[in-house]
Amino acid sequence: MWTYDRTLEYPVNITKPNAKLAKVIISQFGGPNGELGASQRYLSQRYSNNDKRVCGILTDIGTEELNHCEMICAIVHQLTRNLTADELQAQGFSEYYIDHTVGLWPQSAGGVPFSAAEFQSTGDPVTDLTEDMAADGAAL
């Protein structure tokens with residue numbers, strides 16, 4: 001079903017770790033308007049749409065949002081790798097590190113875990129599209 005060549009389309013190459021920045025960027029992974037929610041939003045909404053062309057577009061968008069998750073995770077990983085516990089604490093990343101070390105876990109910058117309650121799939125195409133645009137407009 002998929003061809004995966006194990007490289008990012010837009011490679012991430014961060015040379016200077018910065019856990020303070022990672023704490024902000026992680027919200028783009030699992031925050032209220034992050035890429036994980038966006039992917040699930042589009043992939044969930046596709047099933048209730050009666051137009052096969054729209055279903056295909058929603059599938060394409062949803063899988064592209066999953067690619068964005070991969071890039072965000074690469075960014076957060078590179079921003080936190082090789083930092084000592086003291087550096088992580090000094091840069092405000094110690095609370096995250098205690099629970100997840102350097103593993104990627106979807107949450108907002110404020111530490112609120114990802115929840116499916118942050119997106120909607122109503123079955124009404126106009127309502128769903130309006131919600132999609134609002135969420136995309138609120139993303140960083």
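Small disclaimer: the values here were computed from a predicted structure and weren't measured. Every chain is numbered on its own, with residues counted from 1 as its sequence reads. Local features in this predicted model are restricted to residues of pLDDT 70 or higher, and side-chain atom pairs are both shown and tallied only at a pLDDT of 80 or more, whereas totals for entire chains, interfaces and linings draw on every residue. For the side-chain quantities, the full set of heavy atoms in the structure was used; hydrogens and water were omitted.

Peer 1: Sorry if this is basic, but what is going on with unusual backbone geometry here?
Peer 2: You will see that Asn82, though not glycine, has its phi angle at about 65°, which is positive. To qualify as a helix, a DSSP run of H or I must reach at least 4 residues; to qualify as a strand, a run of E must reach at least 2; elements of each kind are numbered from the N terminus. Relative to the helices and strands, Asn82 is located in the loop between helix H4 (52-80) and helix H5 (85-90). Think of it in three bands: with a 1.4 Å probe and only protein chains considered, a residue is buried below 20% of the maximum accessible area for its type, exposed above 50%, and partly exposed in between. Among the residues examined, Asn82 registers a relative accessible area of 74% and is labelled exposed. Of note, the phi angle at Thr101 is positive, near 45°, even though the residue is not glycine. One can find Thr101 in the loop between helix H6 (94-100) and helix H7 (125-138).

Peer 1: Whenever I open this one, H7 confuses me. Can you help?
Peer 2: Side chains three or four residues apart in an α-helix point the same way, a direct result of the helix having 3.6 residues per turn. Between the first and last C-alpha of H7 there are 20 Å, a value that for 14 residues agrees with the 20 Å anticipated at 1.5 Å per step. Among the residues making up H7, those that are buried are Asp128, Glu131, Asp132 and Ala135. For H7, the angular spread of buried residues about the axis comes to 105°, placing them on one side. Opposite the buried face of H7, by more than 90 degrees, sit the exposed residues Val126, Met133, Ala134 and Gly137. Looking at the buried side of H7, the elements it contacts are helix H3 (35-45). In this analysis, the expected span of each helix is defined as 1.5 Å times one less than the number of residues it contains. By construction, the arc corresponds to the directions joining the helix axis to the C-beta atoms. When checking whether two residues touch, look at their non-hydrogen atoms; a contact exists if any pair is within 4.5 Å.

Peer 1: Hey, could you run me through the environment of Ala135 in this one?
Peer 2: As for its placement among the helices and strands, Ala135 is situated in helix H7. Residue classification places Ala135 among the buried positions, given a relative accessible area of 7%. With 12 residues separating them along the chain, Ala135 and Gly123 place their C-alpha atoms 17 Å apart. If we ignore the near neighbours within four places in the chain, the residues touching Ala135 are Asn33 and Arg41.

Peer 1: Whenever I open this one, the packing of H3 against H4 confuses me. Can you help?
Peer 2: Geometrically, a packed helix pair is captured by the angle between its two axes and the distance between the axes. Packing of H3 against H4 brings their axes to within 8 Å, and their N-to-C directions diverge by 165°. Judged on the interaxial angle alone, H4 and H3 are roughly antiparallel. Handedness of the crossing formed by H3 with H4: left-handed. Residues Glu35, Leu36, Ala38, Ser39, Gln40, Tyr42, Leu43 and Gln45 of H3 form the contact with H4, whose participating residues are Leu58, Thr59, Ile61, Gly62, Thr63, Glu65, Leu66, His68, Cys69 and Ile72. Three classes are used, and their members are as follows: Ala, Val, Leu, Ile, Met, Phe, Trp, Tyr, Cys and Pro are nonpolar, Asp, Glu, Lys and Arg are charged, and the others, Gly among them, are polar. Looking at the contact of H3 with H4 residue by residue, the classes come out as nine nonpolar, seven polar and two charged. Only the contacting stretch of a helix is used when fitting its axis, a line to C-alpha atoms as for every element, and angles between N-to-C directions run 0 to 180 degrees. For classification, angles of less than 35 degrees are called roughly parallel, those exceeding 145 degrees roughly antiparallel, those between 65 and 115 degrees roughly perpendicular, and all remaining angles oblique. In a left-handed crossing the near helix is turned counterclockwise from the far helix by less than a right angle, and in a right-handed crossing that turn is clockwise.

Peer 1: Whenever I open this one, the nonpolar core confuses me. Can you help?
Peer 2: If you look at soluble globular proteins, the nonpolar side chains tend to sit buried side by side. Judged by nonpolar contacts, the single largest core of 18 residues is most densely connected at Val12, Ala19, Ala22, Phe29, Val76, Leu88 and Phe93. Looking at this core, the elements that each hand over two or more residues are helix H1 (19-25) and H4. Top element by residues in this core is H4. It accounts for six residues. In this structure Leu88 touches Ala19, Leu83, Phe93, Ser94 and Tyr97, once residues within four positions along its chain are discounted. What makes a nonpolar core is a set of buried Ala, Val, Leu, Ile, Met, Phe, Trp, Tyr and Cys residues whose side-chain atoms join them at distances within 4.5 Å.

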